[in-house]
Amino acid sequence: MKILKINHIGIAVNSIEESKNFWEGILGLSFEGSETVEEQKVTTAFFPVGESEVELLESTAPDGPVAKYIEKKGQGIQHVAFQVENIEAALAELKEKGIRLIDEKPRKGAGGAMIAFLHPKSTNGVLVELCEK
Ligand code: ZN
């Protein structure tokens, strides 16, 4: 498996609109627009930072994964995403090594990327996303 870089850090927020005040207004990051991923009940907004990005995540429904996360832990870092060369191969390798996968198969994420999540039980409590662009 080849990890190319940290693609983005996902941050769960109550409101992208309100959070923009800090990330764009105070830090001066550029807001690249938002996108809703219906299957995940989430709206995402990306702010490029060098070779990586900050991804803000706002739930579109009270039972979505981001809403549940905020309910349990409050707003904050929700996942770290590594960009890999070949996501199918990476998942196969991790599975063989006994890592618990949330997604056995890659699915479509924001920005046309293919993504898959690893289970925090296998990753020191960090929700890890793999993505291929
Ligand atoms: Zn993400």
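To start, this report covers the structure provided alongside it.

The rules behind these values
Residues numbered from 1 in each chain as written. Predicted model: local features only at pLDDT ≥ 70, side-chain atom pairs only at ≥ 80, totals over all residues. Heavy atoms only, no water. Helix = DSSP H or I, 4+ residues; strand = E, 2+ residues; numbered from the N terminus. Rg over C-alpha atoms; globule rule 2.2 N^0.38 Å. Areas by Shrake-Rupley, 256 points an atom, 1.4 Å probe, with all protein chains shown as cover. Lys, Arg positive; Asp, Glu negative; His and termini not counted. Charge placed at Lys NZ, Arg CZ, Asp CG, Glu CD. Pairing = 2+ DSSP bridges. Core = buried A, V, L, I, M, F, W, Y, C linked by side-chain atoms within 4.5 Å. Buried < 20%, exposed > 50% of the residue type's maximum accessible area, 1.4 Å probe, protein only. Contact = heavy atoms within 4.5 Å.

In terms of regular secondary structure, the protein chain is built from 3 helices and 8 strands. Going from N to C terminus, the protein chain has its helices and strands arranged as β-α-β-β-β-α-β-α-β-β-β. The C-alpha radius of gyration computed for the protein chain amounts to 15 Å, which stays within 12% of the reference 14 Å derived for 133 residues, consistent with globular compactness. If you line up the protein chain on its principal axes, its C-alpha atoms span 45 × 30 × 25 Å. Only carbon and sulfur atoms are counted for the fraction: they give 51% of the accessible area of the protein chain, which is about 7,500 Å². Within the protein chain, the 21 negative side-chain charges are centred at a point lying 7 Å from the centre of the 15 positive side-chain charges.

Examined bridge by bridge, strand S2 (residues 34-37) and strand S3 (residues 42-49) share 4 bridges and lie antiparallel to one another. When the sheet's bridge partners are listed, Thr36 is paired in S3 with Thr43. In sequence, S2 turns back onto S3 through a hairpin of 4 residues, with Lys41 there showing a positive phi of about 50°.

On to the nonpolar core, then. Val84, Ile87, Ala90, Leu91, Leu94, Leu101, Ala116, Leu118, Val128 and Leu130 form the largest nonpolar core, which has 10 residues in total. In terms of residue count, helix H3 (residues 87-96) provides more of this core than any other element does, 4 residues in total. Once residues within four sequence positions are removed from consideration, Ile87 is found in contact with Pro106, Met114, Ile115, Ala116, Leu130, Cys131 and Glu132.

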